[in-house]
Amino acid sequence: MLPEYFEFFAPVKIVSGKKAVENLPYELDQLQAKRPFIVTDKGIEQAGLIDIIRKAMDAGEMEIGAVFDGTPPDSSIAVVNEAAKIYKDNNCDSIVAVGGGSVIDTAKGINIVITEGVDDISKLMGAEVLKKPMKPFIVIPTTAGTGSEVTLVAMISNPEEDVKMPFTSYRLFPNAAIIDPRMTMTMPPKITAATGMDALTHAIEAYYCNQKNPFSDAYAITAIKMISQYLARAVKNGKDEEARYVMANAATIAGIAFSNSMVGAIHSLGHATGGVAHVPHGVAMSIFLPVGLEYNIPKSGKYIGELLLYFAGPEEYAKTREDQRPYRLIELINKLREELHELSGLPLTLKEAGVKEDQFEEIAEHTLNDGALMFNPRDLNKEEALELVKKAYYGK
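Summarised in this report is the structure supplied together with it. Because the structure is a prediction, the values reported are computed rather than measured.

## Looking at the overall build of the protein chain
Within the protein chain, the regular secondary structure consists of 14 helices and nine strands. Against the globule reference of 21 Å for 396 residues, the protein chain gives a C-alpha radius of gyration of 20 Å, in line with a compact fold. For the C-alpha atoms alone, the extent of the protein chain along its principal axes is close to 60 × 45 × 40 Å. Taken as two groups, the 40 positive and 53 negative side-chain charges of the protein chain have centres that lie 3 Å from each other.

So, in structure tokens, the structure goes:
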């Protein structure tokens with residue numbers, strides 16, 4: 001059944017292929033950009049991935065204005081403000097983000113500071129606060145999970161408050177996303193597993209959260225099929241180019257899905273846990289996915305049950321009773337999580353991820369203040385949030 005009203009917007013140009021990075025100079029030229037500011041992190045630089053960018057830029061006879069590799073695992077206000085100053089000092093005119101979610105969010109933050117002409121990004125937190133067209137912006141993801149290359153959201157941490165600050169605007173969409181499997185080949189197994197589970201959570205929440213619509217459903221279903229077949233394979237063998245390529249595209253497809261339908265309680269719990277206990281986002285998503293699904297069955301069991309078809313195939317779907325399909329889906333997701341745990345050491349519980357019991361209350365409180373919660377089909381109060389945190393901690 002169609003919702004009474006919905007919107008769908010997917011403005012990012014996708015450039016996907018085994019040598020897609022070679023198109024970077026052309027894409028910048030089309031945006032009338034001459035001196036791009038490369039935003040990345042030290043791990044990506046050390047892995048030699050920026051060398052691929054430099055070679056592509058040299059072949060295209062285009063100059064890099066500056067490279068900033070100081071992005072931490074959790075982007076922060078201070079880092080964004082510092083990088084924006086480097087952008088200005090080097091007379092850059094565009095931004096190319098090469099990295100995972102933190103790098104991409106940092107790049108979005110830099111674009112906000114430069115475009116809006118402020119000295120501190122925290123002044124512009126919120127939804128649709130931005131008023132000016134952004135600088136040309138291209139993203140080259142090096143993880144297959146966040147989908148940030150096609151979203152209108154940036155999450156920037158405020159370490160002093162132990163929170164992640166949301167910035168949401170249609171102006172934050174990148175102009176193009178370049179999907180090249182070479183850029184994900186160096187990901188270690190654990191990060192491959194965590195980012196893949198992040199992408200799976202995006203697609204699953206997109207399918208049952210409040211703003212779901214036929215267009216976002218199509219993207220979510222496609223991503224779930226791809227991830228269920230290729231994630232474990234990519235974790236087993238990081239040099240499997242086909243698996244890397246499929247997962248890179250699946251993460252982008254899932255990003256388009258949730259950017260339009262939004263996400264819910266699973267992401268709220270994950271954002272809160274990241275802010276309070278500094279658990280990596282993909283790890284948190286993997287831990288909270290089965291917990292959040294079970295919580296939402298009373299309201300969205302029909303949709304959650306439908307996902308069994310796309311996750312496990314028609315035979316598994318047909319032999320499972322309709323009222324048991326949501327629970328069977330959770331069983332199979334837990335089976336995948338256990339396989340990833342064996343392959344990579346991906347934590348199965350918040351306890352394994354380093355969360356402390358004295359952090360439960362704060363995580364529950366931050367969960368209720370997270371914007372994603374408004375799109376969850378079932379309301380959540382503090383006691384319920386606390387119970388979900390405990391389940392995720394003890395694995396029961």
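## A word on the sheet that holds strand β6 (residues 137–141)
Sheets are built from strands paired through backbone hydrogen bonds, the pairs being either parallel or antiparallel. Strand order across the open sheet formed by six strands is β1-β9-β6-β4-β2-β3, with parallel pairing between neighbours. With one partner strand each, in any of the chains shown, β1 (13–16) and β3 (66–68) form the two edges of the open sheet. Within this sheet the neighbouring strands show an average axis-to-axis angle of 20°, counted without direction. As paired elements, strand β2 (residues 36–39) and strand β4 (residues 94–99) share four bridges and run parallel to each other.

## Side note on unusual backbone geometry
Positive phi, close to 50°, is recorded for N91, a residue that is not glycine. Following the sequence through the fold, N91 ends up in the loop between α4 (77–89) and β4. For N91, a relative accessible area of 60% corresponds to the exposed category. Located in the positive-phi region is M262, a residue other than glycine, with phi close to 70°. Relative to the helices and strands, M262 resides in the loop between α8 (241–261) and α9 (265–277).

## A short note on the side chain of D240
Residue placement: D240 occurs in the loop between α7 (214–236) and α8. Among the polar contacts listed, one links the side chain of D240 to the backbone nitrogen of A243, at a separation of 3.1 Å.

## Let's talk about the environment of F8
On the secondary structure map, F8 appears in the segment before β1. Residue classification places F8 among the partly exposed residues on the basis of a relative accessible area of 24%. Contacts of F8, omitting those with residues within four sequence positions, involve N213, F215, S216, Y219, I256 and N260.

## Observations regarding the side chain of S75
By the secondary structure assignment, S75 is in the loop between β3 and α4. Apart from the residues lying within four places of it in its own chain, the contact partners of S75 are V80, S102, D105, T106, M155, I156 and S157.

## Quick word on the pattern of salt bridges
It is possible for side chains of opposite charge to pair when their charged atoms get near one another. With the rule as written, the count across this model stands at 22 salt bridges. One salt bridge in this structure joins K236 and E339, with 3.6 Å as the shortest N-O distance. Here the residue K236 occupies a position in helix α7, and E339 occupies one in helix α12 (residues 325–344), the gap between them amounting to 103 residues. Of the residues examined, K236 reaches a relative accessible area of 55% and is grouped as exposed. In this structure E339 comes out as partly exposed when scored by relative accessible area, which is 29%. Across the pair D323 and R321 runs a salt bridge, and its minimum N-O distance is 2.8 Å.

Rules used throughout
Residues numbered from 1 in each chain as written. Predicted model: local features only at pLDDT ≥ 70, side-chain atom pairs only at ≥ 80, totals over all residues. Heavy atoms only, no water. Helix = DSSP H or I, 4+ residues; strand = E, 2+ residues; numbered from the N terminus. Rg over C-alpha atoms; globule rule 2.2 N^0.38 Å. Lys, Arg positive; Asp, Glu negative; His and termini not counted. Charge placed at Lys NZ, Arg CZ, Asp CG, Glu CD. Pairing = 2+ DSSP bridges. Axes fitted to C-alpha atoms, helices over the stretch in contact; angles between N-to-C directions. Buried < 20%, exposed > 50% of the residue type's maximum accessible area, 1.4 Å probe, protein only. Polar contact = N/O pair within 3.5 Å; in protein donor to acceptor, adjacent residues only side chain to side chain. Contact = heavy atoms within 4.5 Å. Salt bridge = Lys/Arg side-chain N within 4 Å of Asp/Glu carboxyl O.

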